[in-house]
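Listed below are the residues making up each chain.
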Amino acid sequence: MVSFKTFLLTLVLYMLQGAGTSLIKLNNSGYEDVVIAINPDLPEDENLIQQIQNMVSEASTYLYQATEKRFYFKGVSILIPTTWQTKPNYENPKLEIYDKADIFIEVPNPPGYNVPRTDQIKGCGKMGERIHLTPDIILGKMVNEYGLPGKILVHEWAHLRWGVFEEYNEEEPFYTFNGKNVPVKCSDAITGTNKVNVCSGGSCSIRSCKTDPKTGKFQKDCLFIPDRHQTEKGSIMFMQSIDSVVEFCRKENHNKDAPNAQNQKCNFRSTWEVIQDSEDYKTSTPMTAAQPPKPSFSLKQIRERILCLVLDKSGSMAGGDRLNRLKQASKLFLLQIIETGSWVGMITFDSAATIQSDLVQIETDAQRNTLITKLPGVASGGTSICSGLREAFTAIRKKFSTDGSEIVLLTDGEDSTISSCFDEVRQSGAIIHTVALGPSADKGLEELSKMTGGKQITATDNAQNNGLIDAFSALSSGNGMITQRSIQLESKGATLKDGEWMNGTVIIDSTVGNDTLFLVTWTTNQPQMSISDPSGKIHSNFSVDTNSKMAYLQIPDTATDGIWTYSLKSSAQTLTMTVTSRAANPSVPPITVDAKMNENNSSFPSPVIAYAEVRQGSLPIIGANVTALIESADGTTVTLDLLDNGAGADAYKNDGVYSRYFTAYKTNGRYSLKVRALGGTNTQKSRPQVNGALYVPGWVENGEIKMNPPKPEISEDEIQGNNLSFSRTSLGDSFILTNIPNGPIPDIFPPSQIIDLEANIEDEHINLTWTAPGDNYDEGQAQYYIIRMSKDIIKLRDYFDTALQVNTTGFIPNDANSKETFVFEPQDFKIENGTTIFFAIKAVDKANLTSSISNIAQASLYVPEISAGVSISTIVMSVVGAVAGVCIIAGVTLCILNKNKK
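Throughout this document, residue positions are counted from 1 along each chain, in the order its sequence is written. The predicted origin of the model limits local features to residues at a pLDDT of at least 70 and limits the giving and counting of side-chain atom pairs to 80 or more, whereas totals for whole chains, interfaces and linings rest on all residues. Just so you know, side-chain values use all the structure's heavy atoms and leave hydrogens and water out.

*Asks:* How should I be thinking about the side chain of T348 in this particular structure?
*Replies:* Put simply, DSSP marks the helices as runs of H or I at least four residues long and the strands as runs of E at least two long, and each gets a number from the N terminus on. If you trace the backbone, T348 turns up in strand β16 (residues 343-349). Only 2.8 Å separates the side chain of T348 from the side chain of Q356, close enough to count as a polar contact. When neighbours within four sequence positions are excluded, T348 is seen to be in contact with L311, K313, A353, T354, Q356 and P376. Counted as a polar contact is a pair of N or O atoms within 3.5 Å, where, for protein atoms, one must be capable of donating a hydrogen and the other of accepting one, and residues adjacent in sequence contribute only when both atoms are in side chains. Throughout, a residue-residue contact means that at least one pair of heavy atoms, one from each residue, lies within 4.5 Å.

Shown next as structure tokens:
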């Protein structure tokens, strides 16, 4: 029997995984339920599957040794695309979903771009999102450039699982230390040479690095080329490709001076120190065996989508127009969202449950419309959620196993017996998406979603916010076939007075346009409706369902890209407009928006963060206007402008991830997150932010430099220019806030940590720049700054309050997210040539709450030498002497001229 202590620990570890989590579990030092997904665009290749297994097995041994026998890979599922042939040894997936896989094996984008990387949108010590690898990495074709596949996987796993960062810096691979240019590396004992590889006309030559005469730094093309044969064991997060490297950097050999992401984001702690702080480390003990057990592998092939709608028609659904809104949202789902080829069934329940439709494969519009006729029309009775789930299992098992099937459970009521079917749900292998409608939906719904990996969504009775339609629009398939999914372009609502208009525009960009649908709903009377395409042509042939108070317009073929305009004139009532579409080209991924919170459950005053990832395939979209709409249980909506500025809650600038703290708490309970993204004149695709294995430019072997091919880069043509116009809306999982005090919220939120401080020295002045925090994290305006400096980086970090303080009298902080610049001349602080100085800032708000210490910026004084062996002092003395000589000659000449005049 499991002890209460063990149960509690398991529960705590589960909750710590956070929002949008994977299925990974740590069981007696072994990682189980790791999911590796093969992209459906990759051609079928059985050797790839075998090499994935070889990579994981190799990585398991490497990980075991690198972590002092604490961790290894125990159980891994490999998701085979539905586009590959079915084979007897392929199982059906259970809770493994392509979209929530931990490791993606993808087509390189662009071709030849085989950069391993891990998406990290949160801070140090926080789990990453996913690992990206390509077949060439798996098949061992990039060993010279990145190292063995197993070692690459361990590097990426440290990013994903423990939230550590890179110990190199591709943007600035060298830094000045004690007047010398040294490579950004960890540890210092890694040896190599600094050279430039100059290529022209098909031939290349190796040259010495040159320094910039103004800054004294190496010019941009200088590379650190490591020795092939080394004895140093660290570090994996610097260059795991070196054969001798088998350890993470530890406190003893960590390079605290190197300006890399690990130092900047983890407060100068080594990777091993961060790993030791993790829950994995704290809840594990070293094993004794020389080698770890071999990993077990399950091959699971994604199949056609099997889904059952389980819809509440109890008496409480009669209030607030809930039943009709359910019909509107369900009709949209059946008409537009559910993919052709899917199997769909329908269950309704009140005190008991009824199978309204057994599973039907959706192949024609007639089948969709038949299902629509089964939607509930009358609300009565009590609420028995478990009876609805059990009937869904029965309906599914008539044709298929419940493993990997999906259930969409919508209810507005409470059910004291909901926990009675939790065990059946766990054993079913089904994924349950829950839609909580209204303020009284049972608190156990989220538990059903959590235990099965389903979405958890909430919708209020505020029809204007369109929450229920958004909920069903968010239920597209997660099978990886992105070009087949329905994408929501628009979702808006308005409560109008008699005779008022609801007008708006929606951008249909070139990546979408197939199967485009405009949906209008109303609460009282049918409005006047018209749609105008980019050419000015009016479309008004709506299909109207007066009973459900909705109408839709299906655009034939591929909708013209450009700005579409809608105009609705109405009596006094609430209207909504929803626009959905699909990819225009099956070979071109559409622009997508993925919305999420950092936590699905949070207790006041723990901060919560809203995120929105805007991408086209693997390429980030930057420069978009992204807005989060956060709705509380009472229907109140707070609007947040999300930013991709690398400050406050945002981990990296221009990585396509837009972020913001949310502190406008209203009430305890469920909150929904909806994100709206608009592209415009400053919007463009960008290169991916790379948190991954370092590309090795070449090796020094027996004194000879052997260069690798230049690292492939994403060209400007592939990124294209500005003016990437589009519109998208996306609903994230709901989240729950607790422990919020009654009455006014006390001012307990400090300014956010400054994470982008930069410094440089010009002449005798020091220039500091950073992004302003706010009064409450990244909102409002801080009261003042405390700036301190030191020649010792660790003393500045550990003893900030005793370091030399910079006089900031009269310097008033700007509003949050503004750029700050502060220039000063240090007093009583001698700066000599080659001196490196470190700077840090804290912000203080009006309640005297202080931010965490900023990242530590460094700057070095460089006084250039005019020529070899001639110091600046010699030059100065020469100039002074020359000027004096000129003055003497001028004086003598003037005296002679005066005498001649006499």
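From this point, things continue past the structure.
*Asks:* Teacher, can you tell me more about the packing of helix α2 (residues 46-66) against helix α5 (residues 149-162) here?
*Replies:* Between two packed helices, both the angle of their axes relative to each other and the distance between the axes serve to describe the pair. Orientation of α2 relative to α5, taken along the N-to-C sense of each, is 65 degrees, at an axis distance of 8 Å. Considering the angle they form, α2 stands roughly perpendicular to α5. In this structure, the crossing between α2 and α5 has a hand that is right-handed. Between α2 and α5, the contacting residues are M55, V56, E58, A59, Y62 and L63 on the first element and P149, G150, K151, L153, V154, W157 and W162 on the second. All amino acids are sorted into three groups, where Ala, Val, Leu, Ile, Met, Phe, Trp, Tyr, Cys and Pro are nonpolar, Asp, Glu, Lys and Arg are charged, and the leftover types, Gly among them, are polar. Of the residues that constitute the contact of α2 with α5, the class distribution is 10 nonpolar, one polar and two charged. Interaxial angle, 0 to 180 degrees, is taken between N-to-C directions of lines fitted to C-alpha atoms, where a helix line uses only the stretch in contact. We call two directions roughly parallel when the angle between them is under 35 degrees, roughly antiparallel when it is over 145, roughly perpendicular when it lies between 65 and 115, and oblique otherwise. If you view the pair so one helix is near and one far, a crossing is left-handed when the near helix is turned anticlockwise from the far one by less than a right angle, and right-handed when it is turned clockwise.

*Asks:* Any chance you could explain unusual backbone geometry here in plain terms?
*Replies:* Among all residues save glycine, negative phi is the norm, and among peptide bonds the norm is trans. Of note, the bond from G234 into S235 is cis; its omega dihedral lies within 30 degrees of zero at 20 degrees. With an omega of 10 degrees, the peptide bond between F604 and P605 qualifies as cis. Checked against the element boundaries, P605 lands in the loop between β31 (601-603) and β32 (608-616). Unlike most non-glycine residues, N28 shows phi in positive territory, near 50 degrees. By the secondary structure assignment, N28 is in the loop between β1 (25-27) and β2 (30-32).

*Asks:* Quick question: what am I supposed to make of helix α14 (residues 445-452) here?
*Replies:* Every α-helix winds through 3.6 residues per turn, so residues three or four apart in the chain are directed the same way. Partly exposed residues are those whose accessible area sits between 20% and 50% of the maximum for their type, while under 20% is buried and over 50% is exposed, using a 1.4 Å probe and protein chains only. With respect to burial, α14 is a largely interior element, six of its eight residues being buried. The set of residues buried in α14 consists of L445, E446, L448, S449, M451 and T452. After α14 finishes, the residue G453 shows a positive phi value of roughly 75 degrees.

*Asks:* Looking at this structure, how should I read the state of the cysteines?
*Replies:* Here, disulfide denotes a covalent bond that connects the sulfur atoms of two cysteines. Cysteine sulfur atoms that pair up within 2.5 Å are treated as a disulfide. Applying the stated rule across the entire model yields five disulfides. Between the sulfur atoms of C209 and its disulfide mate C222 the distance is 1.9 Å. What sets the handedness of the C209 and C222 disulfide is the S-S torsion sign, and at about 80 degrees it is right-handed. With a gap of 13 residues between them, C209 in the loop between β12 (203-208) and β13 (223-226) and C222 in the loop between β12 and β13 connect regions that are remote in the sequence. Residue C209 shares its accessibility class with C222, and that shared class is buried. Should the bonded cysteines of the protein be numbered as they appear in the sequence, the pairing reads 1-8, 2-7, 3-4, 5-6, 9-10. Unpaired in terms of disulfides, C308 finds its nearest cysteine sulfur in C421, a separation of 15 Å.

*Asks:* Mind showing me how you'd approach the pairing of strand β9 (residues 174-177) here?
*Replies:* As a general feature of sheets, a regular strand has side chains that alternate between the two faces. With four bridges connecting them, β9 and strand β10 (residues 180-183) associate as antiparallel partners. Bridge pairing in β10 links F177 to K180. Pairing between strands is defined by DSSP: at least two bridges between the two strands are required. The hairpin formed by β9 and β10 contains two residues between the paired strands, and N178 there has a positive phi angle of roughly 55 degrees.

*Asks:* Any chance you could explain the packing of helix α10 (residues 322-337) against helix α11 (residues 365-372) here in plain terms?
*Replies:* Remark: α10 packs on α11, axes separated minimally by 9 Å, with the N-to-C direction vectors making an angle of 170 degrees. Taken together, the axis directions place α10 and α11 in an arrangement best described as roughly antiparallel. Here α10 and α11 pass one another in a crossing that is right-handed. Contact residues: K331, L334, L335 and Q336 in α10; R368, N369, L371 and I372 in α11. For the contact of α10 with α11, a count of residues per class yields four nonpolar, two polar and two charged.

*Asks:* Help me understand the sheet that holds strand β27 (residues 550-558), please; the structure alone is not making it clear to me.
*Replies:* Within a beta sheet, neighbouring strands are joined by backbone hydrogen bonds and run either parallel or antiparallel to one another. With antiparallel pairing, five strands are arranged side by side in an open sheet as β21-β29-β23-β27-β26. With partners counted over all chains shown, the strands left at the sheet margins are β21 (487-496) and β26 (543-545), one partner each. Going from strand to strand, the sheet's axes swing by 15 degrees on average, the running direction of each strand aside. Across nine bridges, β21 lies against strand β29 (residues 573-583) in antiparallel orientation.

*Asks:* Looking at this structure, how should I read the pattern of salt bridges?
*Replies:* Once their charged atoms are close, side chains differing in charge can pair, the charge on each being opposite to the other. Salt bridges are defined by distance alone: a side-chain nitrogen of Lys or Arg within 4 Å of a carboxyl oxygen of Asp or Glu. Across all of its chains, the model carries 40 salt bridges by this definition. Close ionic contact of D99 with R485 constitutes a salt bridge, the shortest N to O distance being 2.7 Å. Remark: R485 occurs in the loop between α15 (467-473) and β21 and D99 occurs in the loop between β5 (75-80) and β6 (103-105); sequence separation between them is 386 residues. Linked through salt bridges whose partners overlap, the residues forming this network are R117, D119, E129, R130, D594, K596, E613 and R615.

*Asks:* Help me understand a negative patch on the surface in this model?
*Replies:* Patch membership needs two things, relative accessible area over 30% and no salt bridge, and members are linked within 9 Å if like-charged or within 5 Å if nonpolar (Val, Leu, Ile, Met, Phe, Trp, Tyr). Computed by Shrake-Rupley with a 1.4 Å probe, the accessible areas treat only the displayed protein chains as cover when residues are assessed. His residues and chain termini do not enter the charge count, which takes Lys and Arg as positive and Asp and Glu as negative. Taken as the charge location is NZ of Lys, CZ of Arg, CG of Asp or CD of Glu. On the surface, E762, D763, E764 and E825 cluster together into a patch of negative charge. Examined against the element boundaries, E764 turns out to sit in the loop between β43 (758-762) and β44 (765-771).

*Asks:* What am I meant to see in the sheet that holds strand β25 (residues 538-539) here?
*Replies:* Strands sit in the order β22-β28-β24-β25 across an open sheet of four strands; the sheet is antiparallel. Each edge of the sheet is formed by a strand with only one pairing partner; in this case those strands are β22 (501-508) and β25. In terms of strand pairing, β22 meets strand β28 (residues 562-569) through eight bridges, oriented antiparallel. Within β28, the position partnered with N503 by the bridge is S567.

*Asks:* Sorry, what's going on with the nonpolar core here?
*Replies:* Considering soluble globular proteins, one finds that nonpolar side chains tend to be buried as a cluster. In this structure, W157, W162 and F248 are the most contacted members of the largest nonpolar core, which totals 74 residues. Looking at this core element by element, the count peaks at nine residues for α2. Excluding residues that lie within four positions of it along the chain, W157 makes contacts with I24, Y31, V34, L63, F73, I131 and W162. One finds I622, A649, F662 and F749 within the second-largest nonpolar core, a separate group that totals 37 residues. What is meant by a nonpolar core is a set of buried Ala, Val, Leu, Ile, Met, Phe, Trp, Tyr and Cys residues, joined one to another through side-chain atoms within 4.5 Å.

*Asks:* Please explain the side chain of S790 as it appears in this structure.
*Replies:* Positionally, S790 belongs in strand β45 (residues 784-790). On the basis of relative accessible area, S790 is assigned to the buried category, the value being 13%. Of the polar contacts made by the side chain of S790, one reaches the backbone nitrogen of D792; its length is 2.9 Å.

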